[in-house]
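Letter by letter, the chains look like this.
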Amino acid sequence: PPHTPRHSAVMASEDENALLPHKLSSLRGLKVDRVLNDGKESGVVALLGTFAGCSSQAVVKLSRPPIPVGDPDALSRAISLSERAPWSGMEYGYYHGALDPLFAPGLSVDVLYPGCLYDESEDAREKLLKKHINRNTAQAPVAFRETVEAYESAHMPYIRAIPEGAIGWVYKILALEKETERLLFNDPTEDAGFLLNTDPKWTTHPDHNTTPKAAWNGHASTRDLYCLGLCHRRDVKSLRDLRREHLPMLRAMAETGRRVIRETYGLEDHSVRVFVHYPPQFYHFHVHYTNVAVDIGVQTERAHLLDDVIDNIERDSEHYAKCAITGRMGENDELFRRYREWRANSDAGST
């Protein structure tokens, strides 16, 4: 998941169905094979390793959530100190601080384990693991100008090669089998309906199970607002598939999504950014809703504002079928490899 939902995988053990990731109390059973990313630039440490009893590897991501400041007095009471450096004799004091885990988590931990997808072939699970390894390995970002020819010759084969199980978690959310505690809105209408959830990347959100919904309105954490809209249609995978027939769905995702956020969190429309990624992180059409103050995933070569998308399709139903689109990815991503291979073959054919 977009960001992959925390603890979204089933871990294998001697009894492969016995251990669920939300039952993990520590990572002591993880044998780290490689550090994929040290987090110095991204802020996210990524490890590749094998859990005890598992026959295949998992990717584990570690990051520090923002410090919640909704109740600053409670925050100060939750911090214990130990000396970090001797006193210099001046006005400074230097400490290490430990935050009470009952007040706020010290780390966010995501476990990505394609080995849990027992209905998928071994080859499909290996492809998913490779994708997660590439996506979470420190690498230089690149931008590629995707023409219609590049989309048809390189990108579409890439999409067709993605195992169906890769978006099984989306269908479970849409069927209200998973993450119902995050649900903000759901219109199950097949053609224009969508579901709106809080995104796991919004780590400072009040506890969904213990904090009354009325207390979410105006909460200090709305500065970090991040929600995800999933369409109920299964025939729209990305921006490239959008046509005039999808305008009712797109308008609903733009207008109703903003209204739900305004009514739930008290955040006015001018403070909410609504956008689509291309290429997307997963190939089921979805929309991101963030506070304008949030800068995650909004690079100009990734994010397309939904209002602009609607305008483009209103002018020309085939706009995204025939325009060139610049996309951002990692230099080691499989999609970029396919782009380069297509370009090399095209260049060779023209000489």
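As a starting point, this report considers the structure included with it. Note that the structure is predicted; figures quoted are calculated from it, not measured. (Residues numbered from 1 in each chain as written. Predicted model: local features only at pLDDT ≥ 70, side-chain atom pairs only at ≥ 80, totals over all residues. Heavy atoms only, no water.)

In sheet architecture, strand pairing relies on hydrogen bonds along the backbone and comes in two forms, parallel and antiparallel. Here we have 6 strands laid out as an open sheet, ordered β8-β9-β10-β12-β11-β13, and antiparallel in their pairing. Each edge of the open sheet is held by one strand with a lone partner, namely β8 (183–186) and β13 (303–305). Neighbouring strand axes in the sheet, compared pairwise and without regard to direction, differ in orientation by 25 degrees on average. Examined bridge by bridge, strand β11 (residues 272–277) and β13 share 3 bridges and lie antiparallel to one another. Bridge assignment links F275 to a residue of β13, and that residue is L305. Those strands touched by helix α5 (residues 247–265) are β8, β9 (194–198), β10 (226–231), β11 and β12 (286–291), and its axis lies near 35 degrees from that of β9. Strand contacts of helix α6 (residues 306–315): β11, β12 and β13, with the helix running at about 65 degrees to β13, the strand carrying the most contacts. (Pairing = 2+ DSSP bridges. Helix = DSSP H or I, 4+ residues; strand = E, 2+ residues; numbered from the N terminus. Axes fitted to C-alpha atoms, helices over the stretch in contact; angles between N-to-C directions. Contact = heavy atoms within 4.5 Å.)

For L47, the location among the structural elements is in strand β2 (residues 44–51). For the pair L47 and E126, spaced 79 residues apart in the sequence, the C-alpha separation amounts to 17 Å. Those residues in contact with L47 that sit more than four places away from it in its chain are V32, R34, V35, L36, A58, V59, V60 and L62.

Looking now at unusual backbone geometry. Following Y278, the chain continues to P279 via a peptide bond in cis, the omega torsion being -5 degrees. The topology assignment puts P279 in the loop between β11 and β12. Even without glycine at this site, L176 takes up a positive phi of about 60 degrees. Within the secondary structure, L176 is located in the loop between α4 (168–174) and β8. The phi dihedral of E179 falls on the positive side, at around 60 degrees, and the residue is not glycine. Positionally, E179 belongs in the loop between α4 and β8. Overall, the relative accessible area of 18% leaves E179 in the buried class. (Buried < 20%, exposed > 50% of the residue type's maximum accessible area, 1.4 Å probe, protein only.)

On the basis of which strands lie adjacent, the open sheet formed by 4 strands has the order β1-β2-β3-β6 and antiparallel pairing. Two strands in the sheet have a free side with no partner beyond their single neighbour: β1 (30–37) and β6 (108–112). For this sheet the average axis-to-axis angle between neighbouring strands, irrespective of direction, equals 25 degrees. By the bridge criterion, 5 bridges tie strand β3 (residues 58–63) to β6 in an arrangement that is antiparallel. Of the residues in β6, the one forming a bridge with V60 is V111. Of the strands in this sheet, β1, β2, β3 and β6 are in contact with helix α2 (residues 122–136), which crosses β3 at around 30 degrees.

The next point concerns the pattern of salt bridges. By the definition in use, this model includes 15 salt bridges. We note a salt bridge from D235 to R233, for which the minimum N-O separation is 2.7 Å. Looking at D235, the relative accessible area reads 47%, which means it is partly exposed. With a relative accessible area of 10%, R233 lands in the buried category. When the shortest N-O distance is used, the salt bridge between D307 and R258 registers 2.8 Å. (Salt bridge = Lys/Arg side-chain N within 4 Å of Asp/Glu carboxyl O.)

Applying the stated criterion to the full structure yields 0 disulfides. The thiol of C231 is not disulfide-bonded; the next cysteine sulfur, from C227, is found 17 Å away. Cysteine C323 shares no disulfide, and the gap to the nearest cysteine sulfur, in C231, comes to 19 Å. (Disulfide = S-S within 2.5 Å.)

Strand direction decides the pairing type here: β1 and β2, joined by 6 bridges, are antiparallel. When the sheet's bridge partners are listed, L30 is paired in β2 with F51. If you look at the hairpin formed by β1 and β2, you'll find 6 residues sitting between the two strands, and G39 has a positive phi there, around 80 degrees. Where β2 and β3 come together, 6 bridges link them in antiparallel fashion. The partner of L48 across the bridge, within β3, is V59. Linking two consecutive strands that pair antiparallel, namely β2 and β3, is a turn of 6 residues; a positive phi of about 90 degrees is found at G53 within it.

Turning our attention to the packing of aromatic side chains. Enumeration according to the criterion identifies 7 aromatic pairs in this entry. With a centroid separation of 4.0 Å and an interplanar angle of 5 degrees, the aromatic rings of F144 and Y339 are classed as stacked. Here Y339 lies in helix α8 (residues 334–349) and F144 lies in strand β7 (residues 141–146), a separation of 195 residues in the sequence. Here the two residues F144 and Y339 agree in accessibility, since each one is buried. Site record: aromatic cluster; members linked through ring pairs are W202, W216 and Y265. (Phe/Tyr/Trp six-rings, centres within 6.5 Å; stacked < 30°, edge-to-face > 60°.)

Bear in mind that shape data such as this cannot, by itself, settle questions of function.
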